[in-house]
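Overview (structure and organization)
As a plain string of letters, each chain reads:
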Protein chains: 2
Amino acid sequence: MSDSNLPPGDWPEMQPGWVWLVGAGPGDPGLLTLHALNALRQADVIVHDALVAPALLDWANPAAEVIDMGKRGGKVSPTQTTISRDLVALARAGKRVLRLKGGDPFVFGRGGEEAQTLVQHDVPIRIVPGISAGIGGLAYAGIPVTHRDVNASLTFVTGHDAKGRAPQLDWPAIARGSAVIVIYMGMRNLAEISAKLMGAGRHADEPVAIVQSASTPDQRVLETTLAACAADAEAADIGAPAIVCVGQAALMRRALDWQAMLAGEAPRDPDPLGLGPAEDR
Amino acid sequence: MSDSNLPPGDWPEMQPGWVWLVGAGPGDPGLLTLHALNALRQADVIVHDALVAPALLDWANPAAEVIDMGKRGGKVSPTQTTISRDLVALARAGKRVLRLKGGDPFVFGRGGEEAQTLVQHDVPIRIVPGISAGIGGLAYAGIPVTHRDVNASLTFVTGHDAKGRAPQLDWPAIARGSAVIVIYMGMRNLAEISAKLMGAGRHADEPVAIVQSASTPDQRVLETTLAACAADAEAADIGAPAIVCVGQAALMRRALDWQAMLAGEAPRDPDPLGLGPAEDR
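Remember, predicted model here, so these are calculated numbers, not experimental data. (Residues numbered from 1 in each chain as written. Chains lettered and ligands numbered in written order. Predicted model: local features only at pLDDT ≥ 70, side-chain atom pairs only at ≥ 80, totals over all residues. Heavy atoms only, no water.)

**Re the domain arrangement of chain A**
Residue and element names in this part refer to chain A. Heads up, the rule is: Where each domain starts and ends comes from a domain assignment, either automatic or drawn from a database. Whether two residues are in contact is decided by their heavy atoms: any pair within 4.5 Å suffices. We define buried area as the total accessible area lost by two parts upon association, computed with a 1.4 Å probe and summed across both. By salt bridge we mean one thing: a side-chain nitrogen of Lys or Arg within 4 Å of a carboxyl oxygen of Asp or Glu. Each polar contact in these results corresponds to two N or O atoms within 3.5 Å; when the atoms are within protein, one needs to be able to donate a hydrogen and the other to accept it, and residues that are neighboring in sequence are counted only if both atoms are side-chain atoms. For this classification, the nonpolar set comprises Ala, Val, Leu, Ile, Met, Phe, Trp, Tyr, Cys and Pro, the charged set comprises Asp, Glu, Lys and Arg, and every other residue, Gly included, is treated as polar.
The domains assigned to chain A are domain 1 (19-131) and domain 2 (134-274). If you average the C-alpha positions of domain 1 and of domain 2, the two centres end up 28 Å apart. Of the residues lining the interface, eight residues belong to domain 1; the matching set on domain 2 comes to twelve residues. Together, Pro26, Asp28 and Phe108 form the three largest contributors to the area buried by domain 1 at its contact with domain 2, with a combined 60%. Here domain 1 and domain 2 share zero salt bridges between them. On the surface where domain 1 and domain 2 come into contact, there are three residue pairs in polar contact (both at pLDDT 80 or more). Of the residues assigned to the side of domain 1 that touches domain 2, the class counts are six nonpolar, one polar and one charged.

What follows is the structure, encoded as structure tokens:
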């Protein structure tokens, strides 16, 4: 495809009847992968969710049918069962189907279930990973999810289960297992989750960063603490879509907020953890 | 840049004296992001590590100086201090510097320390996240790191600390906190780590997948168990670079191994966890 805007290479062709489950990343179109761009240019049908940036669709094959599964004409969102069955039907109709999901398809995105449904209906698939908000979205706030003096482990949790409640987890173990905890879709149950973590020994003053609409022009970052985060988020009107980072890593934003640097601002504190020169560690 | 192979958009310009810390993804050049490609086309100097696929460098500005920090002329790898100081010196010399790291720069890659060193020397930075092997590399083996009936939490651990030993962690808490545990750089200490997890109650028969050179043409996947993984890896000569997935998610490969589908093979088992139709869950 000479008009594909892809660098030279042996780019895979989408075949009729296949579904590619593709991660679109957290929001910035520049975080799309080359495989995802390749899929956008070839797909007959693009089925996307609400978190996919509209700008990405400008790069699609102009003849492609675009189906917004996030909201359809103001109606309620389709169920997962509906989405999965629609994907099967499109593939069986011989379409080249791009299922485009915000973030990464296999990180709290139900992509595993969509993939499995397709396979159970004999539809072949390809998976194209994407940048997950819990890593890349936090990076856009200047927060490294791992940092040698902070953590050798990292836990991601989803903030709600299939019924919208905080998931049934061993919260004391999660609190003790990782110095950095990243909560996806956590805004609705943030008061409950932060209380569980404090009840398991995490300190009330522990730093928390909440990144709303990470990596988009609407990105907002709230710097708060474990005890105050739910109330502060409500007061600041910070809500979904948002990613929550609990732990000392959140403080690193004072040094590494590169979006502020692009705007000409100096870092607030080059050593927010008080550990001395980073090059000697 | 008309020759940039980027789709239409307002692509950021690298400025002299800046360092962009960029994730190159797990190996497949198609998992590079558009921002990373944009940086490759503009950088005066590219400083990369051993895990960056050589094919990516074909897309670089032909005039760029390429510095391989992974191995230099058969000598030992440079220390982190040397790398960080070299990046500072290159930026101070007015170069547009691309620091290209395998995976994501902020996931067990010491990118946070490099970024902080640069900031502490008044060098401005930009961060471009990449696909981390613990998510995207496993996806190339058909393994979803989250799956609704498997886990609502996910823990990443590094398999060695600064001295090469298994890190000092609350292993019992890690064992209990997340049904899926992903170990980066875990091959050297795999016997010790698997023993710690079993000692904390994880079952000896629990599924484990080890993915070597994930997403590259050399990818190899070992399907094993927690009790057998260290010995099986040695017997199969599976070693670094590898990512280890502990938990039921590893079994999903039997359904979702899309690389086998590309090769014309049917899934071995569309319901490896015995949960019935995925669309109804």
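**Observations regarding the packing of helix α3 (residues 80-92) of chain A against helix α4 (residues 111-120) of chain A**
For any two helices packed against each other, the geometry is given by the interaxial angle and the distance between the axes. Residue and element names in this part refer to chain A. What counts here: Between N-to-C directions, angles span 0 to 180 degrees; the directions come from axes that are lines fitted to C-alpha atoms, helices contributing only their stretch in contact. Comment: elements are numbered from the N terminus, with helices defined as DSSP H or I runs of at least four residues and strands as E runs of at least two. For classification, angles of less than 35 degrees are called roughly parallel, those exceeding 145 degrees roughly antiparallel, those between 65 and 115 degrees roughly perpendicular, and all remaining angles oblique. Note on convention: the crossing is left-handed when the near helix lies turned anticlockwise from the far helix by less than a right angle, right-handed when the turn is clockwise.
The interhelical angle for the contact between α3 and α4, taken along N-to-C directions, is 45°, at an axis separation of 9 Å. One way to sum up the angle between α3 and α4 is to call them oblique. Once α3 is placed against α4, the crossing between them reads as right-handed. Across the interface between the two elements, Gln80, Ile83, Ser84, Leu87 and Val88 of α3 pack against Glu114, Thr117 and Leu118 of α4. Its residues assigned to classes, the contact of α3 with α4 shows four nonpolar, three polar and one charged.

**Some words on the packing of aromatic side chains**
To keep it simple, the criterion reads: For this analysis, a ring pair means two rings from Phe, Tyr or Trp (six-membered ring only for Trp) whose centres lie within 6.5 Å, classed as stacked if their planes differ by under 30 degrees, edge-to-face if by over 60, and tilted for the remaining angles. Exposure is judged per residue with a 1.4 Å probe applied to protein chains only, and the accessible area is read against the type maximum: over 50% gives exposed, under 20% gives buried, and values in between give partly exposed. Any Lys NZ or Arg CZ found within 6 Å of a ring centre and within 35 degrees of that ring's normal is scored as a charge over the ring.
Summed over all chains, the structure comprises nine aromatic pairs over all chains. Judged by centre distance (6.0 Å) and plane angle (20°), the rings of Trp59 of chain A and Trp11 of chain B are stacked. Of this pair, Trp59 of chain A sits in the loop between α2 (54-57) and β3 (65-68) while Trp11 of chain B sits in the segment before β1 (19-23), which puts the two residues in different chains. Under the relative-accessibility criterion, Trp59 of chain A is labelled buried at 8%. Both rings, one in Phe156 of chain A and one in Tyr184 of chain A, keep their centres 5.4 Å apart while their planes meet at 75°; by these two values the pair is edge-to-face. Here Tyr184 of chain A lies in strand β7 (residues 180-184) and Phe156 of chain A lies in strand β6 (residues 153-158), a separation of 28 residues in the sequence. Aromatic ring contacts, followed pair by pair, group Phe108, Phe156 and Tyr184 of chain A together with Phe108, Phe156 and Tyr184 of chain B into a single cluster. Positioned over the ring face of Trp20 of chain A is Arg126 of chain A, at 5.1 Å from the centre of the ring.

**Quick look at the side chain of Ser178 of chain B**
In this structure, Ser178 of chain B sits in the loop between α6 (171-177) and β7 (180-184). Among all residues touching Ser178 of chain B, those that are not within four sequence positions of it are Thr155 of chain A together with Ser153, Leu154, Thr155 and Arg202 of chain B.

**Concerning the relation of the copies chain A and chain B**
The following threshold applies: Here the copies were fitted onto each other by least squares, based on C-alpha atoms from residues at pLDDT of at least 70 in both.
Mapping chain A onto chain B calls for a rotation angle of 180° and an axial translation of 0.0 Å; the resulting RMSD is 0.0 Å. A rotation of that kind, with that shift, is consistent with a two-fold axis. Here 100% of the contact residues of chain A are again contact residues in chain B; the copies associate through an equivalent surface.

**Remarks on the side chain of Arg126 of chain A**
The cut-off we apply is this: Counted as positive: Lys and Arg. Counted as negative: Asp and Glu, with His and the chain ends omitted from the count.
Its location among the elements puts Arg126 of chain A in strand β5 (residues 125-128). For the buried Arg126 of chain A, no salt bridge exists, and the shortest N-O distance to an oppositely charged side chain is 4.4 Å, to Asp28 of chain B. Here Arg126 of chain A is in contact with Pro12, Trp18, Val19, Trp20, Leu21 and His35 of chain A together with Asp28, Tyr140, Trp258 and Leu262 of chain B, once residues within four sequence places are set aside.

**Re the sheet that holds strand β9 (residues 220-225) of chain B**
Just so we agree on the cut-off: A pair of strands counts as paired when DSSP detects no fewer than two bridges linking them.
An order of β9(A)-β8(A)-β10(A)-β7(A)-β6(A)-β6(B)-β7(B)-β10(B)-β8(B)-β9(B) is seen for the ten strands of this open sheet, with the pairing classed as mixed. Each edge of the open sheet is held by one strand with a lone partner, namely β9 (220-225) of chain A together with β9 of chain B. Going from strand to strand, the sheet's axes swing by 15° on average, the running direction of each strand aside. Across the face of the sheet, helix α7 (residues 190-199) of chain A comes into contact with β7, β8 (207-212) and β10 (242-246) of chain A while running at roughly 160° to β7 of chain A. Set on the sheet, helix α7 (residues 190-199) of chain B makes contact with β7, β8 (207-212) and β10 (242-246) of chain B; between it and β7 of chain B the angle comes to about 160°.

**What to know about the interface of chain A and chain B**
Taken together, the contact between chain A and chain B spans 84 residues of the former and 84 residues of the latter. Interface of chain A and chain B: buried area, both sides summed, is about 7,100 Å²; carbon and sulfur atoms make up 63% of it. Interface area lost by chain A to chain B is led by Phe106, Arg148 and Glu279 of chain A, which between them contribute 10%. One can count four salt bridges joining chain A with chain B.

**A closer look at α3 of chain A**
Residues and elements named next belong to chain A. Stated formally: Expected helix span is taken as 1.5 Å per residue step, with the number of steps being one fewer than the number of residues. Starting at the helix axis, one direction is taken to each C-beta atom, and the arc is that of these directions.
A rise of 1.5 Å per residue sets the reference length of α3, with its 13 residues, at 18 Å; its end C-alpha atoms lie 18 Å apart and thus fit the reference within 8%. Of the residues making up α3, those classed as buried are Gln80, Ile83, Ser84, Leu87, Val88, Leu90 and Ala91. Buried residues in α3, looked at end-on, bunch into an arc of 165°, giving them a common side. Against the buried residues of α3 lie β1 (19-23), β2 (45-48), β3, β4 (97-101) and α4. Of the residues flanking the end of α3, it is Gly94, one or two places downstream, whose phi is positive at about 85°.

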